[in-house]
Amino acid sequence: MRLIAVTTISLALLTCFVAASAALAAVACDLNDADRDVPRLFPNSTSFSSIYVSIEKRGGAPLLKRIENRLGTSYLPLYAPIDVPYTLYEIYRGKEKVGYIHGVNQKGQFGGIQLFMAQDLNGRIKTFYIQKITGASAGKFRDPKFTRKFVGLSLKDFDAYDPVTGRGTGKIAEITNPAPEMETDFYGVLRGLKKNLILMDEFIYSREHGKP
Amino acid sequence: MITPFQIAYKNLLRKKVRTLLTLVGIMLSTWVLVSLFGFNRGYEKALNRDIDNMGYQLMVMAKGCPYEAATMMLQGGKGLRYMEQSMVNDISREPEVDKITPILMQAFFDPNKGESGGIAGYFGVDPASYPAMKPFFRFRSGGWFHDESAAEVVMGYEAAELEQRAVGDLTLVPEKNVRLKVVGILERTGTQDDGTIFVPLKTLQRIAGTSKITTIGISVKKDADMARLENKLYQLKDVQVVSFSQVKQTIMKLIATARVMVLSIALIAVLIAMVGVVNTVLMSVLERVQEIGILKTMGAMPGDIFRLVWTETLILCVGGGIAGIGFALLFARVTDILVRRILPYAPSGGLVAIDGRLALLTLATIVTVGLLSGLYPAWKAGRVRPLDSIRREG
Amino acid sequence: MMTGSEMVLEARELSRVFTRGSESIRAVNNVSLSIRRGEFVSFMGPSGSGKTTLVNLLGCLDNPTTGELDLAGRNIFGGGKVLSERKLTKVRRELFGYIFQNFYLIHTLTVRENVALPLAFYRKPGAEAEVEKLLKMLGMEHRLDHLPGQISGGEMQRVAIARALVNSPEVLLADEPTGNLDTKRSVEIGEILQDLNRNRALTIVMVSHNPELARLGGRRIEMRDGQAYDV
Ligand SMILES: Nc1ncnc2c1ncn2[C@@H]1O[C@H](COP(=O)(O)OP(=O)(O)OP(=O)(O)O)[C@@H](O)[C@H]1O
Ligand SMILES: [Mg+2]
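Treat the numbers as computed from the prediction; the structure is a model and nothing was measured. (Residues numbered from 1 in each chain as written. Chains lettered and ligands numbered in written order. Predicted model: local features only at pLDDT ≥ 70, side-chain atom pairs only at ≥ 80, totals over all residues. Heavy atoms only, no water.)

**Thoughts on the sheet that holds strand β5 (residues 74-77) of chain C**
Residues and elements named next belong to chain C.
Then, number 1: If you walk across this open sheet you meet the four strands as β2-β1-β4-β5, and the pairing is antiparallel. Edge strands, defined here as strands with exactly one partner in the open sheet, are β2 (23-36) and β5. Across this sheet, the average inter-strand angle for adjacent strands is 25 degrees, counted without regard to direction.
Then, number 2: Here three bridges tie strand β4 (residues 66-71) to β5, and the two strands are oriented antiparallel to one another. Bridging across to β5, L71 finds its partner in R74.
Then, number 3: In this fold helix α1 (residues 51-58) packs onto β1 (7-20), β2, β4 and β5, with an angle of close to 125 degrees to the strand it touches most, β1. (Pairing = 2+ DSSP bridges. Helix = DSSP H or I, 4+ residues; strand = E, 2+ residues; numbered from the N terminus. Axes fitted to C-alpha atoms, helices over the stretch in contact; angles between N-to-C directions. Contact = heavy atoms within 4.5 Å.)

**Here's the deal with the side chain of S45 of chain A**
All names here are of chain A.
Then, number 1: Following the sequence through the fold, S45 ends up in the loop between α2 (34-41) and β1 (47-53).
Then, number 2: Under the relative-accessibility criterion, S45 is labelled buried at 17%.
Then, number 3: In this structure the side chain of S45 is engaged in a polar contact, spanning 2.8 Å, whose partner is the backbone oxygen of F42.
Then, number 4: Excluding residues within four positions of it along the chain, S45 makes contact with V38, P39, I91 and Y92. (Buried < 20%, exposed > 50% of the residue type's maximum accessible area, 1.4 Å probe, protein only. Polar contact = N/O pair within 3.5 Å; in protein donor to acceptor, adjacent residues only side chain to side chain.)

**Notes on unusual backbone geometry**
Residue and element names in this part refer to chain C.
Then, number 1: Unusually for a residue other than glycine, N30 sits at a positive phi of about 50 degrees.
Then, number 2: Following the sequence through the fold, N30 ends up in strand β2.
Then, number 3: The phi angle at D225 is positive, at roughly 45 degrees, despite the residue not being glycine.
Then, number 4: Relative to the elements of secondary structure, D225 occurs in the loop between β9 (219-224) and β10 (227-230).
Then, number 5: Judged by relative accessible area, D225 falls into the exposed class, the value being 66%.

**What to know about the pattern of salt bridges**
All names here are of chain B.
Then, number 1: The full count for this structure, using the stated rule, is 40 salt bridges over all chains.
Then, number 2: K212 is the partner of E84 in a salt bridge, and the nearest nitrogen-oxygen pair spans 3.5 Å. Taken together, the positions of E84 in the loop between α3 (68-75) and α4 (86-92) and K212 in the loop between α7 (201-208) and β9 (215-220) put the pair 128 residues apart, joining distant regions of the chain.
Then, number 3: Given a relative accessible area of 40%, E84 falls into the partly exposed group. (Salt bridge = Lys/Arg side-chain N within 4 Å of Asp/Glu carboxyl O.)

Written out as C-alpha cells, the structure reads:
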C-alpha cells in the first residue's frame, strides 16, 4: 500500500518536474489545446502544422528595430526577447493552405492577456479569441458579442486608429469597450491585436507579397 | 640507453593510421564510460539538490490527497482536503523536527482561462517560517511580504512571465475578485516554484474562508532518525506522510532501468574497442615475428617479449583513455544536453559530474580491460622462437 | 691433446632430423667436431647440405634430434635432454653473438639504438657495453643517429656486428654474413671479422659460399649431405 502511494507520488512529482521543464522552454504564446482549438477558431480546416519563427532567425536586430518602430516602442512593448520562438499555426484544408493562427501576450491590469487571431491568406481576421484575461468582468471581452466585431479587420484598419492614445476613426474606433471598468484591459486588447497583426505582417504577409 | 618502453612506443609509430584508429576506438569507449559513470553520480546529485530545494524532507498532508499539484491538476482543486493548523504545533514538539511550516494550497476557478475556464493555484505560506525553508530563493525584484496578512503576492519567475507582472502591479484572485499586489518576483530556480504564486497564509485563509491548511512541510534535524519521525507521523489521524527520500528512491529506480540500457551500450563500446586492441596488437605481433625472433637471439626472455607487447597495449589504453576522459570533460555540457533529451525527468544543473577520482577509476577500468585483451597477443609473442625468424627468410 | 677448458664448443654425433609429412630429412647427420677458443672456422658446401642447420645447433638456436653438445665445458644437450626456451636463451646470451645474411636490424630504431638493444634485456657482467666505441671501431661513428633505411647494406652488417658484440660474446656465429653484399663490401666485412678474431681472440663460426671469405678462417669445414669434413 505504502509503496503504491510512494510510486504515485513520485510519478506525480515527475510530471510536475516535466511540466516545469516544459514551461521553461515555452515563454511564447501557445494554444492550450491546439487539436481542439484550431478547428474551433478556423472552421472548415482539416489540419494544421505548428511552425516556429523568431525575430532573430527572420531578420535579427534590424527586424526587431523595424517591428519596434511600427509598434511605437514605449507604448507597445514586445514582452519577449529577440530569440523567443513564436508559435505560428499554419492551417490547411486538405492539402491547401488556407490561413494562419497566431497569438501574443499583452499586459493587462491584473494579469497577462493572451490573444489569438485566425487570419485568411490576405491577412483578414476570421476569428478573434482571448485565451486568457483576468478581471472581474473579463468575461465580457471573451464574449462573442465583443470578439465578433473584429472579424474582417486587417492591419490597414489600424492606419486610422491609434490604440495607444485611443484616438482615431474607422471600424476600430467604432468598437466600444464592453467593460468600462476595465479600461486598461480594453486598450490592452486593442494594442495586443495591433502587435499581433504587425508581427504576422512581418513574419508572413509582407514576405509573401515580395516586400522587404 | 634504450628502454623496452621506447621500443614499444616506436613500434606503435610504425603503423600510424592503425594505431590512431585503435586510439580513437579506446577514446570513444572511455568517453562513453566516464560520461556514464559521471552521469550516475551527477544525476543523483542533481536529484538530491532538487529535493533539497523543496526545503523540507517530509510533507504531511490530509489523507485522500496523493499530491497537492496532482490533485489540483486532476480534480480542479475541488479534491483538496484540509487539516487543522494546530497540528503544526503538535508535530513541532517532536524532537526530530528542525523547522516546520504550514501551507495552504488553494485553487480557484477562473472562467476566463482557456476555452471553458481553468484553475488558478495559490500557495499560502507563513511569512514567519516559510522563507527559512527556502534560503536559496533569490529575488529578481522586490522581496517577501510586508506582514503576515498583507494583501500581497510573491511570484515565481515563470508565473510572473505568464501574467506579465512586475513588482507594484496588481493581480486578481478569480472567483473571489480580491486584488493582491505583487511585492516580489523570484529568480528562476528550475523547479516547480517557478510557476507558483505565493500568498501570506492568513491572507489566503481569509480569501478562501477557512482557518485550515492542506500541507505541513517539515525539515528534519541533521542527525535525527527520520524513519522514527515518519512512523510517529503515520500514527496521526487522517494524514499522509510523504518522505522525499522515498520519492527520490522511486525516481532513482525508474532511472535505473534506463541506466542499464545505456550501460550495456557502453559495455558493447568497450568490447568493440578491446577487440580493436587485440586486433592491432596481434597484427603487429604477427608482422614482427621475425623481429621478435631476433630480439630473442639477442637475449630477450619470453617474459621480456611479453612485457614489450603488453607495454604497447598499455600505451594504447592509457593514451586512448586519457584522451577519452579529456573529451568527456571538454564535452560534458554536450553530453548533458544529449542525456536530457533521453531522460523523462532531468533535474536542473549539471547532470554529468566527472572528478579526478572518477576519471582515475575509468582509466583503471579501461587499462585493466585493455591489459587483459593484450594478454593473448603478448603470450603469443613471448612464444616466438628465434628460429622462426631465421627460417622465414626462405 | 687439448684440455676441455680450451674447447669452447664440442659436438658429438650430433644429428637433426626434419620430418615433413611422411618424409624425413636428416639435415645434420652424426656430426662430431670441436672448436677451440679463438678459432675462426668457416663452413662451406653446396646449398641444402646442412650448414645452417648445423650452425644453428652449435649456436643453441635449435635442439638436436640426437647427439651431445658441450659449450665452454658445460654439457648443454645430451642423452635426449631438451632445454626450455628460457634456459636456451640464458646459454645464448652468455656465449653467443649472431649475425645473419639479412642483418635483421629494427627499422624503427636508430643505429645507436639498434646496437644498444640487447642491453635493454640483458647486460652481461663485465660486458663491453660501449655502443659508441664499438661503432667507432667499425667505422660507423658518423651514422649513429641514422635509421637502418638510410645506410648501405655493408653499413647495416657493421651495425649488426656491433650489436652482436655489445654483450662481449665468446663466439660469433655468422651465417652467410656477406650473402647480400657485393664483393667490395664482402671483403670489408671479412677483414673486420678477421680483425676481431686476431685482436680480440673472438671465436668465429662462419658459413659462407664465398671461397675467398672462407679462406680467411684458419680452419675450413666442408659439409656434404649433412656430414662435416675438415679440409
Ligand atoms: N625447418 C625445416 N624443416 C624441414 N626441413 C628443413 C628445415 N630446415 C632445413 N631443412 C632441410 O634441411 C636441409 C639442410 O638445410 P640447410 O638450411 O641447413 O642447408 P644449407 O646448407 O644452409 O643451405 P644454403 O646454402 O642454401 O643455406 C635441406 O634439405 C632443407 O630443406
Ligand atoms: Mg643456409
